[in-house]
Amino acid sequence: MPIVYLIDTPGADAGEVANSQNQAHTISKAIAESANVDVPTVGIVIGAGYSGGAIPLAAANILLSVRDGIFNTIQPQGLQSIARKYNLSWQECAKSVGVSPEELYTSGCIDGIVDFSPSDKDERQHNLRRAIISSIEAVERAAINFVRDSSDLKEHYDRSLQRFLTPSKNLLTLENNTRLSVASDPTMYHNIFGSAYRYLRYLTLRSRIQSISLEQYGRLSKVSVPEGDLLERIKQEQERVFQAWLTNPDKLVYDEELNKLWTTFSAKRGEISTERNMITRFILGEPKENYKKARKALLFNIGWSLYHRWKSNAANNFNGLIKYLESLPKSTTQAPWPELNQLTVLDIVVNDELREDFIWQCHNVLIFNALYDNVVGSLASISKEAMMSKSLSRESVDKLLHKSIDHALSTNDKANDKNKFYKWLKYFMDQSNRAELLTRVEQWKSVGFPQLNDSLFVILTYFFERLLPEYFDSEEDHDKYTGTINPVRIGRRKDFWNRLTMGYQDLLIQKVLREEKKQGKMGWENIIKQFFTKFDEVDADKMSANLLNFPGFRLSIEDAIDKKIRPCGLITGLADFDNNGTKLRVGVAVSNTAFQAGAFDMASAEKFSALLIECAKRKLPVICFISSGGMQTKEGAAALFSMAVVNDRITRFIRDNELPVLMFGFGDCTGGAQASFVTHPLVQTYYLSGTNMPFAGQMVVPAYLPSTATLSNYLSKVPGAMTALVHNPFCETLDTQLSGIDPLMPLPSVNIEEVISKALSSLVPEVVEVEEEIVQDDPRALMKPIDKVLVHARGCTAVKLIRKAHDNNINVVLVASDPDMTSVPADMLKENDKLVCIGGNTSDESYLNAYSVLKVAEYEDVDALHPGIGFLSESPQFAALCVNNGVNFVALKCALNDNHG
């Protein structure tokens, strides 16, 4: 029975509970099942299709979208956070990657657009049903033709059937331990059309991803830095809101507290010239002092009222208000105050009697705002002391306070008088309502610090509410200070003390991991050097095609090329592993964290798939070290399909060849890459101690995720999360540091070498790699004057070869891919030359298609073929193929080419 996926998902749940309950594994299994199902599948985007939630549903034989659908790797707002350094809005980023059906269809990400919306009342309401039926029929027709024409499929089906009838010991072990749906009886076993549906689905997914080689990458002009205007538009919006407030400020009658303070101020102001005797002054106070107190309280509370009202825009608005107050004419500043029912907050502070002092009040609030943020950022420095002793020493408070004040003052160019602010802060600490004021700050400030849990903010408020007043009171007598942390305002916060400890531990753990990451010890070169010898890189020149020109992505590519860094998120190759004295050849894949934090791009998918094919031919196991920031979101929706392709290739590699794939996650192993293949249900998944493994990064999911839900050490105890936790060989002190923070944290008991040796010894038979013998005819028989040459090159290489051929009166046959048909080399051809299109947009489909190139040489009856550089020029097999077919190969002879590598 066919399956229809109706796609409308904001993505996978990346919250605390989902992360702690194997969210990535669930997604990986869903992708594997969806790609492996043996019936026709149709995916239809009926709303929004994002991220890990969309990958398994979009892994279909045919993918469609209704006319209002949206489809991409992450939600558009998340794109902004990725390109924020270029000052771009999410709208600009979404436009770059293309999320609408029309853009997706043009780029080849979907197969068609259904003219349908649930609101349709006319004939179009039936279009969705018609699209589903016609899609299923199209898939079935394609399968019939594929089975009829493909002998390879029949051979594959016969082998699969034989393996089902007489399974090997390894296959039985694999199927008994897997969580994938496998046939256990003949009734469940699919027929040959099931294989056809599955293979056609893979070909469809594979056609949506592409890469290029370094040689194909053009650097014809200097890359310019994107110039966005996001900050300017935000500033304009903030200014618009502020100007609206200036036009219509808050009326005092609507704020009970300020109303009361104004009434008191007015009364004390009226009594300022009243004469009182000593007894009256003792009872009622000195009129001038009463006035000053009422005035100070009024201005202080107006400042805090505006601070809470403006929240995250407070800095912008207070600066604007300061400028406004400083530029007022005397006619405004000396005007009398209106009646109470018309009086606004602005009316009060523009008057010369209060204006100057309120300007300083604004400066002090701004400094406090910076001080608060700085204390938040410095919590890690005091967290261990607070957690262990439930107190904070006076020295720690003194250091934190003064360091934070100095930093806050440095951000305020005008008001940098520390003594004035210190007096203001003491006054604030003396207020009876400071707890209420700080609680309100906590409520809206916590939104801007998602890395801190709510319990930490309670302690942060306690620092200002209780510890600072105690600190000020003990300035003359230090013995008065106790520093005990015992917040009474816990309320209904569930599991407060446990989550408080967790929050403090998180700060310390993240600090340790950041310091470790700065060391840069786990680059791909170091990993290969540590575990392997005789590494031969495969597809070293593959890189992202950068089809969408996402803002800044080309800059990253150019910078990587300049620094001799591979502009691809994955390094693949073959290497020797020392298995207890025996050298075993293995396939190796390592994240290239030096480029885009190891984000898994489409080039990575092509390289990994090619590695699996090579390892299948040679019967070699595959060992991977993955630290990936997830999918390469700058490639747009097509990046989703790279995840499904890799997942499907792993399924086929392991089930068809009974070879192990070992995955070692390290560093930051997050997002679609982790969920697509690191946690594949058939692979052996290991994580290094100290690996951060949330489903999505903090950049995309602004929610607090405790280490217990994301750190490999904690998750190692979750059933099914991994095969085992292993030591990090690049940091001998890491486990000691982590256990020092949390003595109950699970720690690894095995190392990587032991894991690999055990896996290879028990599952992989020893094989001797046999190099393919290349037999070539004597090329000397083809050496004769050349009248016509086939140029198999592009770009500058093709230009030089064509120019040299013309200098020697040699006619040229130039082969070109679809994009190169209008290139500079094509325009250089003369009347007797010929341009032949060999099709395709990728090198695999064009320049690397050896048989297609050779057929062109045969049809055009050329005397020789020049392979240029790159592509097939270093392939001894292609050299032998040319010579054996009577075409003079103008390059190194076969034997030298083979030795050259």
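Here the structure is a predicted model, which means the values were calculated and not measured. (Residues numbered from 1 in each chain as written. Predicted model: local features only at pLDDT ≥ 70, side-chain atom pairs only at ≥ 80, totals over all residues. Heavy atoms only, no water.)

> What am I meant to see in the sheet that holds strand β11 (residues 622–626) here?
Strands belonging to one sheet form pairs held by backbone hydrogen bonds; the direction of such a pair is parallel or antiparallel. The strand order β7-β9-β10-β11-β12-β13-β14 describes an open sheet built from seven strands, whose pairing is mixed. Sheet topology places β7 (533–538) and β14 (724–726) at the edges, where each strand pairs with a single neighbour. This sheet shows a mean twist of 25° between the axes of neighbouring strands, independent of strand direction. Where β7 and strand β9 (residues 570–579) come together, four bridges link them in antiparallel fashion. Bridged to E537 within β9 is G573. Along the sheet, helix α29 (residues 671–678) makes contact with β11, β12 (661–665) and β13 (684–688), crossing β13 at roughly 140°. (Pairing = 2+ DSSP bridges. Helix = DSSP H or I, 4+ residues; strand = E, 2+ residues; numbered from the N terminus. Axes fitted to C-alpha atoms, helices over the stretch in contact; angles between N-to-C directions. Contact = heavy atoms within 4.5 Å.)

> Please explain the pairing of strand β10 (residues 582–591) as it appears in this structure.
On any regular strand, side chains alternate: one points to one face of the sheet, the next to the other face. With respect to burial, β10 is a largely interior element, eight of its 10 residues being buried. Sheet topology places β9 next to β10; 10 bridges connect them, and they run antiparallel. Bridging across to β10, D576 finds its partner in R585. Linking β9 back to β10 in an antiparallel pair, the connection comprises two residues, with N580 at a positive phi of about 55°. (Buried < 20%, exposed > 50% of the residue type's maximum accessible area, 1.4 Å probe, protein only.)

> Got a minute to help me understand unusual backbone geometry in this structure?
Trans is the common state for peptide bonds, and a negative phi is the common state for residues other than glycine. The phi dihedral of E658 falls on the positive side, at around 55°, and the residue is not glycine. Note that E658 resides in the loop between α28 (638–657) and β12. Even without glycine at this site, D861 takes up a positive phi of about 55°. Within the element layout of this structure, D861 appears in the loop between α36 (850–859) and β18 (864–866).

> What exactly am I supposed to notice about the environment of R269 here?
Relative to the elements of secondary structure, R269 occurs in helix α12 (residues 256–270). Distance in space between the C-alpha atoms of R269 and L306 is 24 Å, their sequence separation being 37 residues. Sequence-distant contacts of R269, defined by excluding residues within four places in its chain, comprise Y291, W337 and E353.

> What is the right way to look at a nonpolar patch on the surface in this model?
Taken together, V4, L6 and I46 make up a surface patch of nonpolar side chains, about 220 Å² in accessible area. Along the chain, the position of I46 falls in strand β2 (residues 41–50). (Patch = residues over 30% accessible without salt bridge, like charges linked within 9 Å, V, L, I, M, F, W, Y side chains within 5 Å. Areas by Shrake-Rupley, 256 points an atom, 1.4 Å probe, with all protein chains shown as cover. Salt bridge = Lys/Arg side-chain N within 4 Å of Asp/Glu carboxyl O.)

> Explain the packing of aromatic side chains to me, please; I cannot follow it from the model alone.
For the structure shown, the criterion picks out 44 aromatic pairs. Summarising the aromatic geometry, the rings of W245 and W310 are spaced 5.1 Å apart at their centres and angled 80° between planes, so their arrangement reads as edge-to-face. One end of the pair, W245, is in helix α11 (residues 230–247); the other, W310, is in helix α14 (residues 287–310), and 65 residues separate them in sequence. Of the two residues examined, W245 and W310, each falls in the buried class. Three or more aromatic residues link up through ring pairs in this structure, and these residues are F300, W304, Y307, F368, Y372, F421, W424, Y427, F428, W444, F463 and F464. Just above the ring of F641 sits the side chain of R208; from NZ or CZ to the centre is 5.0 Å. For R649, the ring lying beneath its charged end belongs to Y202, and the centroid distance is 3.7 Å. (Phe/Tyr/Trp six-rings, centres within 6.5 Å; stacked < 30°, edge-to-face > 60°. Lys NZ or Arg CZ within 6 Å of the ring centre and 35° of its normal.)

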